[in-house]
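One letter stands for each residue in the lines below.
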Amino acid sequence: MESTEEKPAESSSPVPGSEEPAGLARDPEVLPPKESEGCARPLETAPKKICGYLSKFGGKGPIRGWKSRWFFYDERKCHLYYSRTAQDANPLDSIDLSSAVFDCKADAEEGTFEIKTPSRIITLKAATKQAMLYWLQQLQMKRWEFHNSPPAPPAVPDAALAGNGPALRLELEQEEAELEEFLCPVKTPTGLVGMAAALQPVPAMPLALQNISLKHLGTEIQNTMYNIRGNKQTQGTGHRPSGEDSSLSEEPQREEQPSPPDLSAPGKDPADSPKPTPKSSLTANLIQKAKRQSNTFPLFTEGLTRNRTTQEKVLALEQQVLMLTKELKAQKELVKILHKALEAAQQEKRVSSAYLAAAEDKDRLELVRHKVRQIAELGRRVEALEQERESLVQTASLREQEVQELRQHVQLLLDKNQAKQEVIQKLSEKVTQDFMHPPNQPPTPPDAADRDLLSQQEKMEHLKDDMEAYRTQNHFLNSEIHQVTRIWRKVAEKEKALLMKCAYLQAKNCQVESKYLAGLRRLQEAVGVEADECSELLRQLIQEALQWEASEASADSVVLSPISEYDEYGFLTVPNYEVEDLRLLAKIQVLEVHSHHLLAHEAVEQPLRERWAALGELAPSAEIKQLLRAGVPREHRPRVWKWLVRLRVRHLQGPGRYQELLSRSQACKHPAARQIELDLNRTFPSNKHFTCPASSFPDRLRRVLLAFSWQNPTIGYCQGLNRLAAIALLVLDEEESAFWCLVAIVETIMPADYYSKTLLASQVDQRVLQDLLLEKLPKLMAHLGQHRVDLSFVTFNWLLVVFADSLISNILLQVWDAFLYEGTKVVFRYALAIFKYNEEEILRLQDGLEIYQYLRFFTKTICNSRKLMNIAFNDMNPFPMKQLRQLRMAHRERLEAELHELEQLKAKYLETRAAQGPAVPEGCTSEDEGEAEP
């Protein structure tokens with residue numbers, strides 16, 4: 001080991017390319033008084049550097065033990081580097097402090113503490129307890145500063161950075177104040193850290209070989225050769241003039257100066273560039289470059305100078321120049337980014353103008369290809385953000401595990417401390433009692449009594465020391481838990497922001513893709529069959545767009561999963577229409593639905609989930625009504641539906657009622673069983689639960705319908721009941737619950753005779769809906785009347801099965817959420833809202849046949865559930881139930897009168913036919929006569 005006194009030349013110049021000598025020289029705690037007063041202003045802004053000698057426990061076999069290492073903190077990477085000595089050029093290894101936690105044990109050797117990272121645990125030992133606490137406190141603050149550092153300059157304008165600077169300093173000051181509540185600031189140990197520690201001799205070890213790292217033997221050899229070469233250079237330059245030494249010592253300062261400006265930057269002239277370097281300085285530059293390449297560790301390779309008053313000022317000015325240069329670079333990067341954004345906007349404008357002005361289809365196809373490339377680029381960006389999100393999730397989970405371990409450790413320490421305090425209290429009471437009331441025993445010699453008293457006092461001193469150590473450890477661990485919790489919360493907030501950003505990008509991607517598909521469809525209609533090559537290329541592009549890359553969502557991805565082939569209830573996302581145009585429209589609609597879902601997740605759905613999760617026992621109220629209208633989250637829907645059904649049928653339910661009806665259906669075949677079997681295969685052909693041969697849903701649906709046929713023999717079975725029971729099965733997933741849901745709809749929610757043979761109440765509601773349409777949407781009804789369009793061909797099935805075949809699944813179930821609570825009024829509201837939602841499109845159609853074709857599938861084009869819900873419950877107001885009852889009563893009387901008149905006409909006709917008898921026209925042979933002939 002070579003001490004500092006043995007290398008006087010090395011202590012005269014700092015390491016090349018290192019900023020640390022200046023940083024340490026600026027430390028006010030280690031500067032002489034005169035020097036600190038001379039550079040007081042730069043000292044305020046200079047960051048505190050952390051370096052010094054610590055003992056590290058490591059090694060294998062016989063050389064395992066404590067090894068002296070020089071540690072140095074790098075603020076740029078939040079890493080703690082270490083080497084064998086302060087003069088080594090290359091570090092042996094580093095410790096990542098960004099995800100590390102710190103721990104100190106009161107029962108361990110004095111000055112021992114641990115740094116725990118996700119991959120390993122490093123045990124270190126400082127010379128004194130004060131030095132240990134200083135290292136722990138400083139490393140905590142550096143870790144916090146790293147996690148709260150402002151973003152890179154190119155991403156945010158300089159004005160924003162300037163505004164965030166005071167806020168960041170205020171936040172760090174608040175953090176320091178909060179940590180002071182747990183652990184008071186520790187004074188800098190004199191001579192153990194910073195420049196003072198670098199000037200001290202290397203701590204001696206019992207064996208020289210024990211301090212060598214065999215794990216990093218290559219680095220040890222490089223450092224040894226570097227030190228030998230440095231010694232030779234020092235000896236060789238011993239006879240040089242002092243001017244040369246000063247020039248060499250100033251090389252690091254020249255290196256820290258800002259680099260020359262970029263010749264390619266706008267507004268710069270090549271004439272302003274620096275002139276070529278003379279040959280005399282070329283050799284020195286090469287030597288400096290070689291030193292810089294070999295020096296990957298910012299340490300002190302040639303020692304430190306002791307008096308740097310003037311030089312310190314120069315370095316402070318250079319530091320300011322560096323900061324201004326960085327700000328200038330940030331401004332240049334910002335200008336470049338803004339130029340790129342402006343060019344992108346102008347390019348998009350030019351592309352749109354070119355697309356509109358293109359005279360040939362070939363040019364338009366080229367523009368379409370350009371949009372395809374843009375979509376691919378967006379897809380790659382989304383994948384990159386997904387990977388970043390996954391890494392953040394893993395980091396957050398690791399942090400959470402570490403916090404849990406620390407909490408358990410603190411609890412154990414608190415219990416141990418409490419037990420020790422109890423023991424101390426008992427011993428103190430016993431000692432006091434012995435002094436106050438000595439026991440009746442034979443007198444002991446004076447020497448023995450003095451020895452007992454001294455031993456008791458010594459034990460008390462030891463216990464006091466232990467109490468102080470545990471108190472210090474408890475304070476430090478409390479500060480560590482506090483800071484780690486704050487860091488974990490910030491990571492969680494960053495993850496949430498990234499999730500929102502990723503969802504927004506996915507939504508925009510879906511919108512771009514839907515616009516691309518709509519553009520392909522319009523282009524296909526424009527091309528027609530004139531150009532075979534163009535139509536073939538368009539057909540190929542459409543086929544590629546319709547191919548699904550379906551993948552099921554993982555358990556933790558929530559809303560950021562790709563669009564799958566089936567939705568969460570098993571319905572086919574894009575129906576397999578035979579007509580390509582309809583499939584294209586269906587996929588466009590799916591993309592729009594997914595986009596609306598992603599954009600509304602954080603703003604609408606997440607608060608709605610939180611409100612439902614906060615609800616305790618369900619009870620009818622205005623809040624429940626509003627929540628049901630907004631829609632029930634999937635995880636709460638089965639529980640809410642069971643409660644709604646129970647409200648409706650609790651007077652009909654009985655223990656074992658469903659099993660009794662099942663037994664009756666098995667014992668005696670119901671007349672409606674044949675029709676039920678026919679309708680089973682026609683129930684939701686686009687749902688995988690009812691089309692898969694291995695699924696149990698068809699058998700369960702059969703049992704539910706047969707049980708209902710015996711529950712209500714007057715109805716038995718009616719077409720449409722299979723779809724109502726199937727929706728209940730998909731949501732509730734229990735046969736008995738689905739059965740009582742069907743009973744609630746047919747017997748308590750819908751009017752009587754709604755599912756009878758005559759469908760009397762269903763016909764009445766069709767006329768009521770016509771009146772409501774005339775009142776709420778007179779312009780639309782006038783347009784439909786002009787083209788003689790009868791809406792009952794479309795709306796009859798809406799009301800009969802509560803939109804089960806019409807709306808997409810997420811909107812359909814939202815309608816059912818409110819329908820099961822409020823009743824049939826909700827069905828009328830949504831029927832009116834559907835026409836209002838598509839009113840403009842219907843008014844554009846000027847042909848009756850075209851209107852009928854549009855009405856066949858126009859409900860499937862509704863993708864914005866929030867807009868539809870707002871129309872139904874806000875735009876359709878006022879909507880009193882009293883008016884609905886009056887309309888139903890009036891139309892029921894008219895319809896019954898019409899049916900009664902029809903029955904009279906039928907009876908009169910039958911009487912007339914019976915009176916005339918079986919007349920046979922002349923020249924015709926009756927059937928009886930025909931059979932009599934041979």
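Residues numbered from 1 in each chain as written. Predicted model: local features only at pLDDT ≥ 70, side-chain atom pairs only at ≥ 80, totals over all residues. Heavy atoms only, no water.

## As for the sheet that holds strand β6 (residues 112-116)
Just so we agree on the cut-off: Any two strands with at least two DSSP bridges between them are considered paired. Numbering of helices and strands runs from the N terminus; a helix is a DSSP stretch of H or I covering at least four residues, while a strand is a stretch of E covering at least two. Interaxial angle, 0 to 180 degrees, is taken between N-to-C directions of lines fitted to C-alpha atoms, where a helix line uses only the stretch in contact. Only heavy atoms enter the contact rule, under which two residues are in contact if any of them lie within 4.5 Å.
The seven strands lie next to each other as β4-β3-β2-β1-β7-β6-β5, forming an open sheet whose pairing is antiparallel. Across the chains shown, the open sheet's two edge strands, defined by having one partner strand only, are β4 (93-96) and β5 (101-104). Averaged over all pairs of adjacent strands, the angle between their axes in this sheet comes to 35°, without regard to strand direction. For strand β3 (residues 79-83) and β4, the ladder comprises four bridges, and the chain directions are antiparallel. Bridge pairing in β4 links Tyr82 to Asp93. Helix α4 (residues 129-147) rests against β1 (51-58), β2 (65-74), β3, β5 and β6 of the sheet, and its axis sits at about 165° to β5.

## A short note on unusual backbone geometry
Note: most residues except glycine have negative phi, and most peptide bonds are trans. Here is the rule: Only protein chains enter the accessibility calculation, which uses a 1.4 Å probe. A residue is then buried if its area is under 20% of the maximum for its type, exposed if over 50%, and partly exposed in between.
With an omega of -5°, the peptide bond running from Asn877 to Pro878 counts as cis. Here Pro878 shows up in the loop between α31 (865-875) and α32 (881-916). The phi angle at Cys78 is positive, at roughly 60°, despite the residue not being glycine. If you trace the backbone, Cys78 turns up in the loop between β2 and β3. Overall, the relative accessible area of 0% leaves Cys78 in the buried class.

## Overview of a nonpolar patch on the surface
Formally: Patch members must show over 30% relative accessible area and no salt bridge, and they are joined within 9 Å when carrying like charges or within 5 Å when they are nonpolar side chains of Val, Leu, Ile, Met, Phe, Trp or Tyr. All accessible-area figures derive from a Shrake-Rupley calculation using a 1.4 Å probe, and residue coverage is judged against the displayed protein chains alone. The salt bridge criterion pairs a side-chain nitrogen of Lys or Arg with a carboxyl oxygen of Asp or Glu, the two atoms within 4 Å.
On the surface, Phe435, Met436 and Leu453 cluster together to form a nonpolar patch covering roughly 330 Å² of accessible area. Position of Met436 relative to the elements: it lies in helix α12 (residues 361-436). By relative accessible area, which is 58% here, Met436 ends up exposed.

## Re the nonpolar core
If you look at soluble globular proteins, the nonpolar side chains tend to sit buried side by side. The criterion, for reference: Grouping buried Ala, Val, Leu, Ile, Met, Phe, Trp, Tyr and Cys residues that are joined through side-chain atoms within 4.5 Å yields what is termed a nonpolar core.
Core analysis: the largest hydrophobic core is formed by 119 residues, its most contacted members being Leu721, Ile745, Tyr755, Phe803 and Phe835. Counting residues in each nonpolar core, the second largest holds 36 residues, with Ile95, Met132, Leu406 and Leu413 among its members.

## A few points about the pattern of salt bridges
Under the counting rule described, the total for this entry stands at 28 salt bridges. With a shortest N-O distance of 4.0 Å, Glu660 and Arg657 are connected by a salt bridge. Residue Glu660 and its partner Arg657 are both found in helix α18 (residues 657-667); the two are separated by three residues, about one turn of the helix. The exposure class assigned to Arg657 is partly exposed, which follows from its relative accessible area of 22%. Residue Glu660 is joined to Arg664 by a salt bridge in which the shortest nitrogen-to-oxygen separation is 3.8 Å. In this pair, Glu660 and Arg664 are both assigned in helix α18, four residues apart and thus about one turn of the helix distant. With a relative accessible area of 41%, Glu660 lands in the partly exposed category. Counted as one network, the salt bridges with shared partners bring together Glu75, Lys142 and Glu145.

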